[in-house]
Structures are given as C-alpha cells and as structure tokens.
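An overview of the molecular structure
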Amino acid sequence: MSKFTARILLISTLLFAAAVSLLSACATPQSLAPGTTLDEARAKLRKPTGSYPLAGGGTRLQYSNQPFDQSVWNADFDAQGQLARVEQMMTDAAFARVQPGKYTHNDVLRDFGQPAETFYYRLVDEGAWMYRYFTYGGFKAAMFIYFDPAGVVKRTETGLDPWAIRDGGREK
C-alpha cells in the first residue's frame, strides 16, 4: 500500500469515526428505547425545554424546536421513572385533544410547550398562541389556540403558517 493510499484510508477512518461520534451525541427523544429510565434519558438527551409533573406521579420531559422547526417531542415517564411513551405533539391528532372550556395555559404548555408566537386581540380581550406544524400532506400550517382573560382555552383554529407566507414558503 502506498503512503498516499494509507493517508487517504486513515483520513477516511477518522472522518467516519467523527461522524459516528457526532451522530451518537445528537440523541433525540424518539431514539429512546422502551424501558429507558428517567435518569438515563436525562444523561443521553440534551437539556429539555420543559419538564412537567404528570398525573399519577410521572414526569414529562419536553423537547421543543419551536419556533424554527415544526416539532415538539414529549417523553413521558411513569411514577417508577420508566419510559411510558414518546409522542410528537405537532400533529392534528394531538391538537384535537385540546378541550375548549377545560384546558388552560398550563395544560397547553404541558402538552405543546412554549408557542412560536403569541398574539393579543384587544377589542375582544383574548390572546392566542401559535404553534408551527405540518398538517396532513406536509402542508405548512399553524395551530392557533385562543384564550380568554382567565387563561382558559376558548377555541382552536388551524391556518396558514405566517412564517411560511413571509418567507415565500422557502425552507431556511
């Protein structure tokens, strides 16, 4: 083997090893295996954007990429600290679970995290939180969740993602 070939082989091996190291360092909630403990998840994943207590003594670790990405992952652990489920929350099905008249700011934060953008409509005295997501067929959409002055959900509404309109629908 020539010195040139040996160098190319060495450089290729080092680049491959670096890529594997980087990819393993980028663990995501959806990569967690069933039975993962809460402590293992915290060690493996980046710092969560939110952590919430769940009914029954469990814990939710939330990993939001809002506002620049259309994903929010929840990793739910039972009272024994075992992974119970991992769910992508930026879906029509997840938003359909929001119950007007029952859900509050805290419920929405627990399920969906911080919004991409907030609005206040002074004439009707209500606020809205916007979440960016892909609806059926990969359409760039936004879910608007409207709140009364007491912080209780009044209604939800799907619309066009204003960020996608502003940038002409281009990917950044």
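Throughout what follows, the structure given in this document is the object of discussion.

Rules behind the numbers
- Residues numbered from 1 in each chain as written.
- Predicted model: local features only at pLDDT ≥ 70, side-chain atom pairs only at ≥ 80, totals over all residues.
- Heavy atoms only, no water.
- Buried < 20%, exposed > 50% of the residue type's maximum accessible area, 1.4 Å probe, protein only.
- Helix = DSSP H or I, 4+ residues; strand = E, 2+ residues; numbered from the N terminus.
- Pairing = 2+ DSSP bridges.
- Axes fitted to C-alpha atoms, helices over the stretch in contact; angles between N-to-C directions.
- Contact = heavy atoms within 4.5 Å.

**Remarks on the pairing of strand S3 (residues 72-77)**
In terms of burial, S3 is largely enclosed, as six of its six residues are buried. The alternating pattern of S3 places Val 72, Asn 74 and Asp 76 on one face and Trp 73, Ala 75 and Phe 77 on the opposite face, and all of these are buried. In this structure, strand S2 (residues 59-64) lies alongside S3, joined through six bridges in antiparallel fashion. Within S3, the residue paired with Ser 64 across the bridge is Val 72. Sheet topology places S3 next to strand S4 (residues 83-88); five bridges connect them, and they run antiparallel. Note on S4: the bridge partner recorded for Asn 74 is Glu 87. Hairpin remark: S3 followed by S4, antiparallel, with five residues in the connecting loop; positive phi at Gly 81, about 80°.

**Looking at the sheet that holds strand S7 (residues 139-147)**
The strand order across the open sheet built from four strands is S5-S6-S7-S8, with neighbouring strands paired in antiparallel fashion. The open sheet terminates on both sides in strands that have one partner only, identified here as strand S5 (117-121) and strand S8 (153-160). Pairs of neighbouring strands in the sheet enclose a mean axial angle of 25°, with direction left out of account. Together, strand S6 (126-135), S7 and S8 form the strand contacts of helix H4 (residues 105-112), whose direction differs from that of S6 by roughly 20°.

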